[in-house]
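Architecture at a glance
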Amino acid sequence: MTFVAKPRVHHPRLPVNELGLTRRDYEGSVSTLCAGCGHDSVSAAIVQACAELSLPPHRFAKVSGIGCSSKTPSYFLNRSHGFNSVHGRMPSVATGANLANRELYCIGISGDGDTASIGLGQFAHIVRRRINMLYVVDNNGTYGLTKGQFSATNDKGSTSKKGKPNLYEPIDLASMALQIGAGFVARSFSGDKRQLVPLIKAGLMHRGFAFIDVISPCVAFNNHNGSTKSYTYVRSHSETVVAADYVRGGDFVAGGQEITADYEPGTTEDVSMPDGSVLRLLKLDDDYDPHDRVAALGHVQACQEAGEVVTGLLYVDPDAADCHEILETVQRPLNALDEAELCPGSGALTGINDSFR
Ligand SMILES: Cc1ncc(C[n+]2csc(CCOP(=O)(O)OP(=O)(O)O)c2C)c(N)n1
Ligand code: SF4
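Numbering of residues starts from 1 in each chain and follows the order in which that chain's sequence is written. Chain labels run from A onward and ligand labels from 1 onward, assigned in the order the entries are written. Only residues with pLDDT of at least 70 are given local features in this predicted model, and only at 80 or more are side-chain atom pairs given and counted; all residues enter the totals for whole chains, interfaces and linings. Calculation of side-chain values draws on the structure's entire complement of heavy atoms; hydrogens and water are dropped beforehand.

Summing up its helical and strand segments, the protein chain has 12 helices and 12 strands in all. Dimensions of the protein chain, computed from C-alpha atoms along their principal axes, come out at roughly 65 × 50 × 50 Å. Here the protein chain, with 357 residues, has 51% of them falling under the buried criterion. Of the contacts made within the protein chain by residues no fewer than 6 positions apart, 70% connect residues no fewer than 24 positions apart. When the accessible surface of the protein chain is split by element, carbon and sulfur atoms take 53% of a total near 16,600 Å². The convention is simple: Lys and Arg are positive, Asp and Glu are negative, and His and the chain ends are not counted. Positions of charges follow a simple convention, taking NZ of Lys, CZ of Arg, CG of Asp or CD of Glu. Separation between the mean location of the 32 positive side-chain charges and that of the 39 negative ones in the protein chain comes to 10 Å. Only DSSP runs of H or I reaching four residues or more are called helices, and only runs of E reaching two or more are called strands; each is numbered from the N terminus. Relative accessibility under 20% of the residue-type maximum defines a buried residue, over 50% an exposed one, and the middle range a partly exposed one, all with a 1.4 Å probe and only protein chains included. Residues count as neighbours in contact if any of their non-hydrogen atoms are within 4.5 Å of one another. Residue exposure ignores everything except the shown protein chains as possible cover, and the areas themselves are Shrake-Rupley values with a 1.4 Å probe.

Moving on: the site of ligand 1. Near residues are defined by distance, with any heavy atom within 4 Å of the molecule or strand qualifying the residue. Contacts to ligand 1 come from 17 residues, most closely from Cys68, Ser69, Gly113, Asp114 and Gly144. A distance of 2.8 Å is found between an oxygen atom of ligand 1 and a backbone nitrogen or oxygen belonging to Cys68. Here a polar contact is recorded for every N or O atom pair within 3.5 Å, except that within protein the pair must consist of a potential hydrogen donor and a potential acceptor, and residues adjacent in sequence are included only if both atoms are side-chain atoms. Ser69 places a polar side-chain atom, nitrogen or oxygen, 2.8 Å from an oxygen atom of ligand 1. Compared with its free state, where it exposes 590 Å², ligand 1 has 74% of that area covered by protein. Broken down by secondary-structure element, the contributors of at least two residues to the shell around ligand 1 are helix H2 (68-71), helix H4 (112-117) and strand S5 (142-143).

Around ligand 2, the structure places Leu33, Cys34, Cys37, His39, Cys68, Asn140, Gly144, Cys218, Val219, Ala220 and Phe221. For this classification, the nonpolar set comprises Ala, Val, Leu, Ile, Met, Phe, Trp, Tyr, Cys and Pro, the charged set comprises Asp, Glu, Lys and Arg, and every other residue, Gly included, is treated as polar. Each residue belonging to the shell around ligand 2 can be placed in one class, and the counts come to eight nonpolar, three polar and no charged.

With that settled, consider the environment of Tyr288. Counting through the fold element by element, Tyr288 comes out in the loop between strand S11 (278-283) and helix H9 (293-305). When the C-alpha positions of Tyr288 and Arg357 are compared, they lie 50 Å apart, and in sequence the two are 69 residues distant. Beyond its immediate stretch of four places on either side in the chain, Tyr288 contacts Val241, Val242, Lys283, Ala296, His299, Leu313 and Leu314.

In this analysis an axis means a line fitted to C-alpha atoms, helices contributing only their contacting stretch, and an angle means the value between N-to-C directions, from 0 to 180 degrees. For the pair helix H5 (residues 120-128) and helix H6 (residues 173-180), interaxial distance at closest approach is 9 Å and the crossing angle is 40 degrees. One finds that H5 runs oblique with respect to H6. H6 is crossed by H5, and the crossing has right-handed handedness. Listed contacts from H6 to Leu120, Phe123, Ala124, Val127 and Arg128 of H5 are Leu173, Met176, Ala177 and Ile180. A class-by-class count of the residues in the contact of H5 with H6 yields eight nonpolar, no polar and one charged. Each angle gets one of four labels, with under 35 degrees taken as roughly parallel, over 145 as roughly antiparallel, 65 to 115 as roughly perpendicular, and the rest as oblique. Helix crossings get a hand from a simple test, with the near helix turned counterclockwise from the far one by less than a right angle marking a left-handed crossing and a clockwise turn marking a right-handed one.

Next up on the list: the packing of aromatic side chains. Each pair of aromatic rings taken from Phe, Tyr and Trp, with Trp reduced to its six-membered ring, is defined by centres within 6.5 Å and is described as stacked if the planes are under 30 degrees apart, edge-to-face if over 60, and tilted in the remaining cases. Within this structure, the stated rule accounts for six aromatic pairs. Ring centres of Phe123 and Tyr135 lie 5.2 Å apart, and the angle between their planes is 65 degrees; on these two criteria the pair is classed as edge-to-face. Remark: Tyr135 occurs in strand S4 (residues 133-139) and Phe123 occurs in helix H5; sequence separation between them is 12 residues. For the residue pair Phe123 and Tyr135, the accessibility class agrees, reading buried in each case. Here Phe123 and Phe211 contribute two aromatic rings whose centre-to-centre distance is 5.2 Å and whose plane-to-plane angle is 55 degrees, an arrangement assigned as tilted. Of this pair, Phe123 sits in helix H5 while Phe211 sits in strand S8 (residues 209-215), and the two are 88 residues apart along the sequence. The exposure classification of Phe123 matches that of Phe211, with both residues buried. These aromatic residues form a ring-pair network of at least three members: Phe123, Tyr135, Phe209 and Phe211. A ring has a charge above it when a Lys NZ or an Arg CZ is no more than 6 Å from the ring centre and no more than 35 degrees off the ring normal. Stacked on the ring of Phe76, the Lys or Arg Lys62 has its end atom at 5.7 Å from the ring centre.

What is shown is where atoms sit, not what they do.
Here you go:
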């Protein structure tokens, strides 16, 4: 069974957001993933983030590849546009959707197999092209849908369910995103909603390419002792460098809101976002600078060598240019242009051709 609709009836007094929508209006159909799969927690975090931001669901394009992770867009934002593409090819579809309609919020969901194995080339190019989107990898270190083969993010020495060690070096997608030029790079854990929801909000509102690598355990094939992507391993080996909180312009009061929860005290910094909102950063490691790409890459790599999972906001450049700025695209969605604008005639075409001679 791949699709189970949710009942439409809900309690009449559910809280509503600024659009008059309840959280249920941001949900999708009933999940058919294994009970306890980390991917369902990521979907729930996306629902919460979008509902709290009061974003209109019909203004979303959600795109994915193939895998248990790539099935999850069915489980959130029912009223949005969606495209479940081919294994590893989500970036091509996301690029087309975003270039055709710059007014859509674009959210891509992929797996570590989908992105780091078959889709690695597509991933590299969507990062460097700075497509304006939030790209989430539900990273479980395994091919869940095809029953537990090692994926390319699986750590060397980490074992399969039957105890066989992985012989190959892992690909770290956060490091790749940093190295190729993403303007927003974060890593989180599906079991840490407090950290993940603000990161999703900030990633959605970031202009340009935002990447979140979410460690999302596969309870069926990669949650045993010996796995470095299990709930137990990530809980005992992760360290947050920078916690983030996303505050919209209207909500923001001078002095700002504290990042409460149970974080250790640290230095705070407010980063202005393009839409006038504020990203409040809580630096838990004083020596870590989330605006220094090279140092961030060094720190992520050092933690990887030591078997530690570094989480939180790893890097942000709020002034990063996006694909539309780079390409100087038209300000309106292509479907809002009339025939004369879309087809300016043979004189214009001759002019363009002449400019290449
Ligand atoms: C071109 C192609 N090759 C192989 C497959 C088989 N296949 C389907 S899903 C998958 C791996 C999924 O792993 P991942 O992306 O990590 O997602 P997960 O299921 O773990 O969430 C593979 C190899 C396919 N569907 N298409
Ligand atoms: S096989 Fe793994 S990734 Fe797929 S739904 Fe089950 S727990 Fe999740």
